[in-house]
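Each chain is listed here by its residues.
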Amino acid sequence: MKPVENEPYEDERTALTKEAFKRAFLDNLFYVQGKFPALATQNDYYQALACAVRDRLLQRWISTAAAYTKQGSRTVAYFSAEFLMGPHLGNNLINLGIYAQVREAIAELGLDFDTLLRQEEEPGLGNGGLGRLAACFIDSLATLEIPSLGYGIRYEFGIFHQEIVDGWQMERTDKWLRFGNPWEILRPEWAVEVRLGGHTEQYRDEHERLRIRWVPGKVVVGVPYDTPILGYRNNTANTLRLWKAEAPESFDFSTFNRGDYGGAVRQKVWSETLSKVLYPNDEQIQGKTLRLEQQYFFVSASLQDMMRIMRVQKLPLERFHEKFAVQLNDTHPAIAVAELMRLLVDEHVLPWEQAWDITCKTFSYTNHTLLPEALECWPLELFKSVLPRHLDIIYEINARFLDEVRIRFYGDESRLVRLSLIDENGERYVRMAHLACVGSHTINGVAELHSELLKHDVLKDFYEMWPHKFSNKTNGVTPRRWMALSNPRLTNLLGDAIGDAWIKNLDELIELEPLADDAAFRQRWREIKHANKVEFAAFVKERNGIAIDPQSLFDVQVKRIHEYKRQHLNILHVIALYHRLRSDPNADIQPRTFIFGGKAAPAYHLAKLIIKLINSVADVVNRDPAVNDRLKVVFLPNFNVTNGQRVYPAAELSEQISTAGKEASGTGNMKFSMNGALTIGTMDGANIEIRQEVGAENFFLFGLTAEQVAQTKARGYRPLDHMTPELQEVISLINSGFFSRGDTELFRALTDGLLWHDPYLVFADFESYSECQLQVSKAYRDVDRWTRMSILNTARSGKFSSDRTIREYGADIWRAPSVPVRLLSQQDVKV
Ligand code: 9GP
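Computed from a prediction, not measured in an experiment: that's the story for all the values here.

Asks: Help me understand the overall build of the protein chain in this model?
Replies: The secondary structure content of the protein chain amounts to 32 helices and 25 strands. Against the globule reference of 28 Å for 831 residues, the protein chain gives a C-alpha radius of gyration of 27 Å, in line with a compact fold. Structurally, the protein chain occupies a C-alpha span of about 90 × 75 × 60 Å along its principal axes. Across the 831 residues of the protein chain, 50% fall into the buried class. Long-range contacts, defined as pairs at least 24 residues apart, comprise 76% of the intrachain contacts of the protein chain with a sequence gap of at least 6.

Asks: Help me understand the pairing of strand β21 (residues 592-597) in this model?
Replies: Along a regular strand, successive side chains alternate from one face of the sheet to the other. Of all the six residues making up β21, six are buried; the element is thus mostly covered by neighbouring parts of the structure. A two-sided burial pattern is seen for β21, the buried positions comprising Arg 592, Phe 594 and Phe 596 on one face and Thr 593, Ile 595 and Gly 597 on the other. Sheet topology note: the strand β20 (residues 553-558)/β21 ladder contains six bridges and is parallel. Looking at the pairing, Gln 557 lines up with Phe 596 of β21. Since β20 and β21 lie parallel, the crossover through helix α22 (residues 567-583) that links them has a hand, and here it is right-handed. Note that β21 and strand β22 (residues 631-636) share six bridges and pair parallel. Bridging from a neighbouring strand, Ile 595 pairs with Val 634 of β22.

Asks: Explain the site of the ligand to me, please; I cannot follow it from the model alone.
Replies: Near the ligand there are 18 residues, and of these Gly 129, Leu 130, His 368, Thr 369 and Ser 665 occur at the shortest range. Here the shell around the ligand is built from residues that sort into five nonpolar, nine polar and four charged. Taken domain by domain, the shell around the ligand gets at least three of its residues from each of domain 1 (74-87 + 122-473) and domain 2 (531-794).

Asks: Is there a simple way to explain the sheet that holds strand β17 (residues 429-431) in this structure?
Replies: Note: strands within a sheet are paired through backbone hydrogen bonds, in either parallel or antiparallel orientation. Spatially, three strands are ordered β15-β17-β16 in an open sheet, and the strand pairing comes out antiparallel. Lying at the two open borders of the sheet, with one neighbouring strand each, are β15 (377-379) and β16 (422-423). As judged from the two bridges shared by β16 and β17, these two strands associate in the antiparallel manner. Its bridge partner lying in β17, Asp 423 is registered against Tyr 429.

Asks: How should I be thinking about helix α12 (residues 352-362) in this particular structure?
Replies: Owing to its 3.6 residues per turn, the α-helix aligns residues three or four sequence positions apart on the same side. Listing the buried residues of α12 in full gives Ala 355, Trp 356, Ile 358, Thr 359 and Thr 362. Down the axis of α12, the buried side of the element spans an arc of 160 degrees, and every buried residue falls inside it. Its buried side turned inward, α12 meets α10 (320-323), β13 (324-329), α11 (336-347) and β14 (363-366).

Asks: Even after reading the chapter, I still don't get the UniProt feature "modified residue: N6-(pyridoxal phosphate)lysine" (unreviewed entry) in the protein chain, so can you show me in this structure?
Replies: Per the UniProt record, the feature "modified residue: N6-(pyridoxal phosphate)lysine" (unreviewed entry) sits at Lys 671. Here Lys 671 is to be found in helix α25 (residues 668-674). Residue contacts for Lys 671: discarding those within four places in its chain leaves Val 477, Trp 482 and Tyr 648.

Asks: It is not clear to me how the packing of helix α23 (residues 605-623) against helix α29 (residues 748-756) should be interpreted in this structure. Could you clarify?
Replies: Describing two packed helices takes the angle between their axes plus the distance from one axis to the other. Two elements in contact, α23 and α29, have axes whose closest approach is 9 Å; the angle formed by their N-to-C orientations is 110 degrees. The angle between α23 and α29 places the two elements in the roughly perpendicular class. The segment α23 lies against α29, with Leu 606, Leu 609, Ile 610 and Leu 613 engaging Ala 749, Leu 750 and Gly 753. By residue class, the composition of the contact of α23 with α29 is six nonpolar, one polar and no charged.

Asks: What's the story with the confidence of the model for the protein chain in this structure? I'm lost.
Replies: Low-confidence regions, as indicated by low pLDDT, have predicted coordinates that should not be scrutinised in detail. Averaged over all residues, the pLDDT of the protein chain equals 95, while 97% of them reach at least 70. Contacts for the low-pLDDT stretch residues 1-7, under 50 throughout, to residues beyond four places or in other chains number 17 contacts. Reported for the predicted complex are a pTM of 0.97 and an ipTM of 0.98.

Asks: Is there a simple way to explain the sheet that holds β20 in this structure?
Replies: Ordered by their spatial adjacency, six strands build an open sheet running β22-β21-β20-β23-β24-β25, and the pairing between neighbours is parallel. What marks the edges here is a single partner per strand, and that holds for β22 and β25 (700-701). Where strand β23 (residues 653-656) lies against strand β24 (residues 678-681), four bridges are found, and the strand directions are parallel. The residue of β24 that forms the bridge with Leu 653 is Leu 678.

Asks: Is there a simple way to think about the pairing of β24 in this case?
Replies: Because side chains alternate across β24, one face comprises the buried residues Leu 678 and Ile 680, and the other comprises Thr 679 and Gly 681, equally buried. Between the parallel pair β23 and β24, the chain is carried across by α25, and the sense of this crossover is right-handed. The pairing of β24 with β25 spans two bridges and is classified as parallel. In the strand pairing of β25, Ile 680 is matched with Phe 700. At this point the chain moves from β24, through helix α26 (residues 687-694), to the parallel β25, and the crossover so formed is right-handed.

Asks: Any chance you could explain the nonpolar core here in plain terms?
Replies: Ranked by size, the top nonpolar core spans 231 residues in total, and within it Leu 49, Ala 336, Ile 614 and Val 617 carry the most contacts. Here this core gathers at least three residues from each of two domains, domain 1 (74-87 + 122-473) and domain 2 (531-794).

Asks: Looking at this structure, I do not really get the domain arrangement of the protein chain. What am I missing?
Replies: Frequently, the measure chosen for interface size is the accessible area that the parts lose on association. Looking at the assigned domains, one finds that the protein chain contains domain 1 (74-87 + 122-473) and domain 2 (531-794). A separation of 36 Å is found between the C-alpha centroids of domain 1 and domain 2. Contact residues are listed per partner, giving 35 residues for domain 1 and 31 residues for domain 2. Classifying every residue of the side of domain 1 that touches domain 2 gives 13 nonpolar, 15 polar and seven charged.

Asks: Would you mind going over the environment of Leu 754 with me for this structure?
Replies: Tracing the backbone shows Leu 754 in helix α29. Accessibility expressed as a C-beta count within 10 Å gives 24 for Leu 754, which makes it buried. Put simply, Leu 754 and Tyr 564 are 190 residues apart on the chain and 12 Å apart in space, counted from C-alpha to C-alpha. Residues contacting Leu 754, with those up to four places away along its chain left out, are Pro 719, Val 762 and Phe 763.

Criteria and thresholds
- Residues numbered from 1 in each chain as written.
- Predicted model: local features only at pLDDT ≥ 70, side-chain atom pairs only at ≥ 80, totals over all residues.
- Helix = DSSP H or I, 4+ residues; strand = E, 2+ residues; numbered from the N terminus.
- Rg over C-alpha atoms; globule rule 2.2 N^0.38 Å.
- Buried ≥ 20, exposed ≤ 12 C-beta atoms within 10 Å, placed from the backbone.
- Contact = placed C-beta atoms within 7 Å.
- Pairing = 2+ DSSP bridges.
- Right-handed = clockwise from strand over helix to strand, strands pointing away.
- Near = placed C-beta within 6 Å.
- Nonpolar A, V, L, I, M, F, W, Y, C, P; charged D, E, K, R; others polar.
- Domains from an automatic or database assignment.
- Arc of directions from axis to C-beta.
- UniProt positions renumbered as here; feature names shortened; annotations may be inferred.
- Axes fitted to C-alpha atoms, helices over the stretch in contact; angles between N-to-C directions.
- Parallel < 35°, antiparallel > 145°, perpendicular 65-115°, else oblique.
- pLDDT = per-residue confidence, 0-100.
- Core = buried A, V, L, I, M, F, W, Y, C linked by C-beta atoms within 7 Å.

Next comes the structure, spelled out in structure tokens:
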């Protein structure tokens, strides 16, 4: 095998040669799994393979830790309640640069590499875009050699597994840890205690000063599990540190001895509940005590851990903000502002002013949503029962902050009400976004439009107070997972055409541009897309039992199911096409396969009804011989990272059709475009920037702009004003029970909602969308034109690498220089 660049150290055990790898694999099978071929299962082989890779990660991890410790490096701590990592094995092989060689080694051992890859249970510790962004970011941080730690929760059960039964979404528990997790290392020696509940009381310290003491109601222990995060073809392995909650004493013998057997384990059960399950709600926050406890649990454990690191490195706490830059991924970890104050003031006896200065210099906050229902607010009483001391601290932060506002905006009482950390209009709430804004030195949105809307709408008052704090950091995705790993055919073609520097510097894709005019290259481009489609069609056949035609246009919408993302706009258009074909069987329409995928929050009834409608339409259309040579509809169950890796490379049309002003950024839109799919989309989120980059002529734009949406609503939107004869037919067909075996009521909540309210302006955009889809079909029939557009989408997607995003965070917010790592061997480490 070819070694990685940068003076690699090869020893017997961790060399990247094929022979060393085979030996490591067999060693692990024997000495770690305790199996030999006659007894080994595919999972044993997977575990052995994972361990062989892990040895190589650990060598880099130790080398990285040594380099960082020696330099006392400034470190980025990325606080996120979600990390949607996806499977590790393939990605680690890509980043080590040994994917092809290991595939060969495994084949030479007589095993099927792809079967082993499929053994890995995906760690689905996130809901969607926000959690996946965190995963892309830590990949880029390691690739850019920036010292960093991802801090989060090791949920025992991640996002539910979605099954479709009779067209309905059913949720099944995600038991991802069932067969163990070879990628994590337990670090019990760094466990910390986290307190919750109880009350506060005053006391006098040894200098007779009046102080506050928190008397907690319960204590849990946070135990860290570390996963090494490898950079692409360098020696850096950063850490993802996820906390598991445990009881301080797993078994209470005094209770047991009194004969209360249940009581003896109750504490253990309660404690473990804290990291038991990921809340499956995307974009909607429910005020649940357990969720606040989860957030506080991981934030407190992480801050304590960072203070331990400072102690080990003999750094005074006064320099906390010099050592660490903490990024708050949405408001989920915003309680960190109050917790750092508590740790500094109560536990380390720093004066309030100094602690506040450190706190504000430590944190920065990323907002990920414009939906009001997703801005976290905690009922005051609930908050007080979980975090009584933090409520006092928040009151004090608020009092000082409002004093500042009073002086700045003399006499503006309503501004005080709007800015306060406590919402006092009716039931009182703690506003977490306000806490994050006040306690952070920078605030950013995740696409240009989103950042503008934050400044002029959602966080307007904060912008007027501190304009200098605001900036934009348009999201990005890692090309390692989303191209190199998931689209090997394209990666090979790009390698032949322009080399592989693009994997580390995505702007290099621009070298492809001239090839868009090269007929032979276009032919190869098409062959690759076609091969990806054939592979995906086989997968759909196996999963859904539906035969789809790889010659048809693959039109894909995969993302969480939500009204604002408007999967219903898409399916209404499918029904319109169906109706057109049934009315005129000879209508000349471009054959298409409409592919949907995504999970709905379990309590989001309308979203689940949209899934049911898609499946019901699929049932009818796919069985109807009058149309099924031209139309097919597929709902791919359980859309997750693994399935994303299958679908993006095969997609030709990317549906990014949210109501303008609602999607903060989107990141799926970027994955599609870099894999050569064209976008049909609104002027929303990062779509706008994608269109800017790829060129308006290579993007299918439709619908109202954010400004027009606001105006339409302000004028008093009436969906019926936008009714067209075709739309009327579509709604009537649904209401007639045509897709629901004669049940005329099944979809009523959906159709009535559209007819009488339509909060996301589906009707207003329907005509423009249908018209735009005609343009898509027309363009698709011009094979050369389409291929050219597809190549240009990939060529011009350089901006959407998360490496670019991370560079911007690094330069403008974190100021954490990169620290290259020299690979150490065992001999370098003296015991
Ligand atoms: O809805 C946004 C999505 O547009 C964005 O791409 C993603 C990453 O920034 O965050 C999503 N927001 C949430 O999941 C919750 O606020």
